[in-house]
Amino acid sequence: MAINGYTDKLSVEPGSTIQFMVNCEGHETYQASIVQLIHGDTNPQGPGLKTKPVNTGINQEYKGREQKIYSGSYIMVPDQPLFRKLQSFSLQAMIWPTTPDKGVQGLLTKWSEAGKAGYGLFIDENGCLALWIGDGKGKVYKISTEKKLEEKIWFFAGASYDASSGAVEVFQKPLIGRTNGRYALPYSLERMAAHVKTTVNAKPDTDHDTPFLMAGYLQHASAGKHIAGGLYNGKIDRPRMADRALTLQEMEQCIEEPFEDLLAVWDFAKNIGPNGIETPSRIWDASRNELHGEAVNLPARAMTGYNWTSHEQNFIHAPEQYGAIHFHDDDLSDARWEADFEWTVPDGLKSGVYAAHVKAGEDEDYITFFVRPAKGATANKIALLIPTASYLAYANTRFQDIPLAQLMFGRAPVIQQEDLYLMEHKEFGLSTYDVHSDGSGVCYSSSLRPVLNMRPKYRHNLSPSLWQFNADLHLVDWMTEKGYSFDVITDHDLHAEGVELLNPYNVVLTGSHPEYYSGSMLDAIEDYQQLGGRLMYMGANGFYWIIQFNPENPNMIEVRKQFGSNAWKAQPGELHLSFSGEQGGLWRNRGRAPQKIAGTGFIAEGFDVSSYYRRNPDSFDPRVSWIFEGIGDDELIGNFGLVGGGAAGLELDIYDLELGTPPETLILASSEGHTDVYMQVVEELFFNVPGMGGYENPRVRADMVYYPTPNGGAVFSVSSIAYCGSLSHNRYDNNISRLTENVLNKFMSDEPLPWQLP
């Protein structure tokens, strides 16, 4: 794991340039080459790793260098003359700390740790509010309230300094509302309140280029980069700054009615949702000085503020109640590495899955990317839609850290070297299945960092075999082996271009787990179906979570989780996506259940052995019997495979008319014999009762379905994540391979399908 990297984009077309950022530790040089990825599963029962070299000028030796990741979110306001000439000042904000005892944390600071110079409002090493003043000559004053801040309680935090007298005041006042944070009795409020007055015999040294930071302070500057330290966990709402010493009463007034002569009035409710569609990282200063800032590493926005009443759940409708940002010391949106080399994709290169294979000694990495066809240039009838949004949702998952993982999986999780590395290197960022160091859920994920589980050879700890990326390579390998000509397109492309991306193709195949979808992506799939497109849904638990891409940088996605199979739950009032203002959670809770698109939707999961399908009477209907040509009437379908030993496993989908399965749908086959590790998903349960496991519950199954759509289209759904792992069995000669080939051959053909809607 001494070498790793990432690209500046996941999808690239011929004629465009892609950049590669590489971290190489302990090696003076490394080799890089471009390869096409075909099969990434190293299971000895399968065909093994398959790559194909690409002859290109970047295949050469490069100088190795270490590139570090600095995770943690904060706001940076560039140095300004107003900050440098400041003498007297006041700093204030509403704060909601989540780890007040973790050590020193910056709140509002112009502080240079290297020079011990400047000033700032901090949480000190004892968990108390403190004002720091450093003269840059070795003298530092730290005036503390000596009253511990409590976690998840809103506090008014403020401090003032009068340069003429050296007078300092520090204010700490808890606020218990009807909705926010923990409850505290009146005597507790008195215990947490403080008002400290003193004088200091020093003036802060402000004549340096240190930026003004919120939620941290400047640790040091390196190669033109500002490295923040003392990163804060918690919310900040309505930070204010004055160039004079304000009284407590004046500061409290400024929370709701800022004075016109304030130095800065930062408004965190601005620039989110539809109104901030182009620049969600910009932090708005409403004062006449326009001291705007930049949010670094994407702290969580559209968060309930200190004054949230619960009457409104959408920040768009009550922005004044969503003036908080939640910062985390492990947020990461962009590793911000420098590019080591770049490649202009040549015209004529086959669309597919590719990687820069970087190797230093025995260490290696595959930096994955996807080559789509040039716009308007495809000659293929088949498209494979790669679920890159889902890859981001699972990027660098740490399921091995879940205390109940062994019970959930029915076994001890399998730990890979990548998992161990991530456990030791938290700076590589989290997935949307993790929680931050303060226990809050991770709602953003980015590809602008090494994603260690989006590479060949990786075997996911969540699965008996593979999950997401390498599971999708099972399908890439099968289509390649069978000689199909196909294009690779991605979720990122679909979100940006809509149905126009799909229209040239007779058939579109999904990956094994297209779980995370934006509204634009759903619209495109549905429009494609209505126009006569043919869809092969090659997995399960698809079209499930609502996501949105960052409008400023589509390498990042957002999800807010609630009401489904959650690794965490959005807090009250915080279910709406900050990128768009739309309600997050499950698509089925917004009337767009996956059954309406695929004919089936998520019913059960179990990270255990996989099972098989048995044919249903519908499979003998003359309108669809061609699907089973070459397959016996009583033949078990898929009782083999690289994922859990069968084609029906991990996560399963089911036919459900009430949730939108089209009434024309035929249930061709259903799985059976799942173990009790397989349970119905929580959104399906009204009560927890005995008999909900696979041995006893008939709803724990995968339904393979088929139905026609308007204008000569159709949908075929396998409804199991494990399905594609069975395609290569017996050198690709098996009933799963045969069945899939029967469907794909019909769907890609220009000839009408045997069954058409009138």
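Up top is the structure.
Residues numbered from 1 in each chain as written. Predicted model: local features only at pLDDT ≥ 70, side-chain atom pairs only at ≥ 80, totals over all residues. Heavy atoms only, no water.

J.: Please clarify how the sheet that holds strand β35 (residues 556–559) should be interpreted in this entry.
T.: In sheet architecture, strand pairing relies on hydrogen bonds along the backbone and comes in two forms, parallel and antiparallel. Read across the open sheet, the 4 strands follow the order β29-β35-β34-β32; overall the sheet is mixed. Only two strands of the sheet have a single partner each, and these edge strands are β29 (444–446) and β32 (516–517). Bridge analysis of β29 against β35 gives 3 bridges, and the strand direction is antiparallel. In the strand pairing of β35, S445 is matched with I557. (Pairing = 2+ DSSP bridges. Helix = DSSP H or I, 4+ residues; strand = E, 2+ residues; numbered from the N terminus.)

J.: Quick question: what am I supposed to make of the side chain of E582 here?
T.: Within the element layout of this structure, E582 appears in the loop between β35 and α11 (595–598). In this structure E582 comes out as buried when scored by relative accessible area, which is 16%. Here the side chain of E582 touches R590 through a polar contact of 2.8 Å, side chain to side chain. Apart from the residues lying within four places of it in its own chain, the contact partners of E582 are I546, I547, Q548, L575, H576, L577, W587 and R590. (Buried < 20%, exposed > 50% of the residue type's maximum accessible area, 1.4 Å probe, protein only. Polar contact = N/O pair within 3.5 Å; in protein donor to acceptor, adjacent residues only side chain to side chain. Contact = heavy atoms within 4.5 Å.)

J.: How should I be thinking about a nonpolar patch on the surface in this particular structure?
T.: Together, I415, L420 and M423 line one region of the surface with nonpolar side chains, adding up to about 250 Å² of accessible area. In this fold, L420 is placed in helix α6 (residues 417–424). L420 gets classed as partly exposed once you look at its relative accessible area, which sits at 46%. (Patch = residues over 30% accessible without salt bridge, like charges linked within 9 Å, V, L, I, M, F, W, Y side chains within 5 Å. Areas by Shrake-Rupley, 256 points an atom, 1.4 Å probe, with all protein chains shown as cover. Salt bridge = Lys/Arg side-chain N within 4 Å of Asp/Glu carboxyl O.)

J.: Before we go on, may I ask you to explain the environment of K173 in this structure?
T.: Its place among the elements puts K173 in strand β14 (residues 167–175). When its relative accessible area of 40% is taken as the criterion, K173 is described as partly exposed. Distance from K173 to F155, taken between C-alpha atoms, is 5.3 Å for residues 18 residues apart in sequence. In this structure K173 touches W154, F155, F156 and E252, once residues within four positions along its chain are discounted.

J.: What am I meant to see in the packing of aromatic side chains here?
T.: Taken as a whole and assessed by the stated rule, the structure comprises 37 aromatic pairs. Both rings, one in W111 and one in W132, keep their centres 5.4 Å apart while their planes meet at 70°; by these two values the pair is edge-to-face. Of this pair, W111 sits in strand β9 (residues 105–112) while W132 sits in strand β11 (residues 128–135), placing them 21 residues apart in sequence. W132 carries the same exposure label as W111, and that label is buried. Ring geometry for Y706 versus F747: centroids 6.1 Å apart, planes at 55°, classification tilted. Here the residue Y706 occupies a position in strand β40 (residues 703–709), and F747 occupies one in helix α13 (residues 735–748), the gap between them amounting to 41 residues. Here Y706 falls in the buried class, since its relative accessible area comes to 0%. The class for F747 is buried, based on a relative accessible area of 0%. A connected cluster of aromatic rings, assembled from ring pairs, spans F20, Y30, Y62, F341, W343, Y354 and F369. When the ring centre of F486 is taken as reference, the NZ or CZ atom of K350 above it lies at 5.0 Å. Positioned above the aromatic ring of W755 is the side chain of R623, whose terminal nitrogen or guanidinium carbon lies 4.0 Å from the ring centre. (Phe/Tyr/Trp six-rings, centres within 6.5 Å; stacked < 30°, edge-to-face > 60°. Lys NZ or Arg CZ within 6 Å of the ring centre and 35° of its normal.)

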